[in-house]
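Structural features, examined
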Amino acid sequence: MSAIVGVVMGSDSDWPVMSDAVEALAEFDVEVEVDVVSAHRMPQEMIAYGEQAAGRGLRVIIAGAGGAAHLPGMLAAVTPLPVIGVPVPLRHLDGMDSLLSIVQMPSGVPVATVSVGGARNAGLLAARILGAGADDGAAQLREKMGQFQQGLRETAQAKGAKLRASRAHRTGFGS
Ligand SMILES: Nc1c(C(=O)O)ncn1[C@@H]1O[C@H](COP(=O)(O)O)[C@@H](O)[C@H]1O
């Protein structure tokens, strides 16, 4: 099967963050492709990637970058596909710079921005976008997402039960 999600990043130094998106999509058996595409350093290739993405069969693009992170917005400018932007934190400014670069898009060119370093949520959001379709594959993804959400619920319930139990065992002053 060919890739339906493109996970791209401004540099291979973003991979430790961006690999979380790939892992999340693997949990949903979604085929991805991974590459380095930089708006600043390889603008012609970046434009070609965005322009050709839909025609090559991609349905969602996840783009991560740090610092002056123009990659997600520039890809959104040249593709009709949904683009999810991941602000990658660098050594200075804690990712606030990339967050603001990605999220503050002008009207007409949307980028769905996740939290700083939130590549896992980017992968999960891509799975939800694919799962919103009307075909059988989308229905299967929705089913899997429901199971995933049930797992989250059970984990949260177990945390509550553990906390309540630890409180119940306390005795004496301050309990
Ligand atoms: N923000 C961008 C873009 C872009 O937006 O086109 N291209 C590279 N970068 C970012 O530069 C940082 C440092 O890159 P290097 O580690 O290669 O020096 C990375 O976080 C990358 O995403």
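Here the residue index of a chain counts from 1 through its sequence in written order. For this predicted model, a pLDDT threshold of at least 70 governs which residues receive local features, and a threshold of 80 or more governs which side-chain atom pairs are given and counted, while totals over whole chains, interfaces and linings are taken from all residues.

**Describing the overall build of the protein**
Here a strand is any run of E in DSSP of at least two residues, a helix any run of H or I of at least four, and the numbering for each starts at the N terminus. Scanning the protein from terminus to terminus reveals six helices and five strands. Taken from N to C terminus, the helices and strands of the protein fall in the order β-α-β-α-β-α-β-α-β-α-α. The principal-axis extent of the C-alpha atoms belonging to the protein is close to 70 × 45 × 30 Å. For every residue pair, C-beta atoms are placed from the backbone, and the pair is scored as a contact if these atoms sit within 7 Å. Taking the intrachain contacts of the protein between residues at least 6 apart in sequence as the baseline, contacts between residues at least 24 apart amount to 67%.

**Focus: the pairing of strand E1 (residues 5-9)**
Using C-beta atoms placed from the backbone, we call a residue buried if 20 or more other C-beta atoms fall within 10 Å of its own, exposed if 12 or fewer do, and partly exposed for counts in between. By the criterion of burial, E1 is predominantly enclosed, with five of the five residues buried. The two faces of E1 match: Val5, Val7 and Met9 on one face and Gly6 and Val8 on the other face are all buried. When E1 meets strand E2 (residues 32-36), the two strands line up parallel, connected through five bridges. Each residue of the ladder has a partner; that of Met9, found in E2, is Val36. In this view, the connection linking E1 to its parallel neighbour E2 by way of helix H1 (residues 15-27) has right-handed handedness. Where E1 lies against strand E3 (residues 60-66), five bridges are found, and the strand directions are parallel. Counterpart to Val7 in the pairing with E3 is Ile62. Any two strands are treated as partners once DSSP identifies two or more bridges connecting them. Consider the strands pointing away from the viewer: the crossover is right-handed when the path from the first strand over the helix to the second runs clockwise.

**Points about the UniProt feature "binding site: substrate" (unreviewed entry) in the protein**
Feature annotation in UniProt places "binding site: substrate" (unreviewed entry) on Ser11, Asp14 and Arg41, given in this structure's numbering. The residue Ser11 is located in the loop between E1 and H1 in this model. Excluding residues within four positions of it along the chain, Ser11 makes contact with Val36 and Ser38. Relative to the elements of secondary structure, Asp14 occurs in the loop between E1 and H1. Residue contacts for Asp14: discarding those within four places in its chain leaves Met9, Gly64, Ala65, Gly66 and Val88. UniProt positions are given in the numbering used here, feature names are shortened, and annotations may be inferred rather than shown by experiment.

**As for the UniProt feature "domain: PurE" (unreviewed entry) in the protein**
Per the UniProt annotation, the sites labelled "domain: PurE" (unreviewed entry) are residues 3-156. Helix makes up 48% of residues 3-156 and strand 16%, whereas the separation of the span's terminal C-alpha atoms amounts to 33 Å.

**Comments concerning the sheet that holds E2**
Strands belonging to one sheet form pairs held by backbone hydrogen bonds; the direction of such a pair is parallel or antiparallel. Strand order in the open sheet made by the five strands is E2-E1-E3-E4-E5, with parallel pairing throughout. Each having just a single partner strand, E2 and strand E5 (112-113) make up the two edges of the open sheet. Pairing analysis gives six bridges linking E3 to strand E4 (residues 83-88), with the strands arranged parallel. Across the sheet, residue Gly66 finds its bridge partner in E4, namely Val88. In the packing of helix H4 (residues 96-103) onto the sheet, the strands contacted are E3, E4 and E5, and the crossing angle to E4 comes to about 160°. To obtain each axis, a line is fitted to C-alpha atoms, and for helices this fit is confined to the stretch in contact; angles are then taken between N-to-C directions over 0 to 180 degrees.

**Considerations on the nonpolar core**
Residues Ile62 and Val86 are the most contacted members of the largest nonpolar core, which totals 42 residues. Those elements that place two or more of their residues in this core are E1, H1, helix H2 (43-53), E3, helix H3 (71-78), E4, H4 and helix H5 (119-131). Ranked by residue count, the leading element in this core is H5, at six residues. The contact partners of Val86, leaving out residues within four places of it in the chain, are Val17, Met18, Ala21, Ile62, Ala63, Gly64, Val114, Gly118, Ala119 and Ala122. By our criterion, buried Ala, Val, Leu, Ile, Met, Phe, Trp, Tyr and Cys residues that link up through C-beta atoms within 7 Å make up a nonpolar core.

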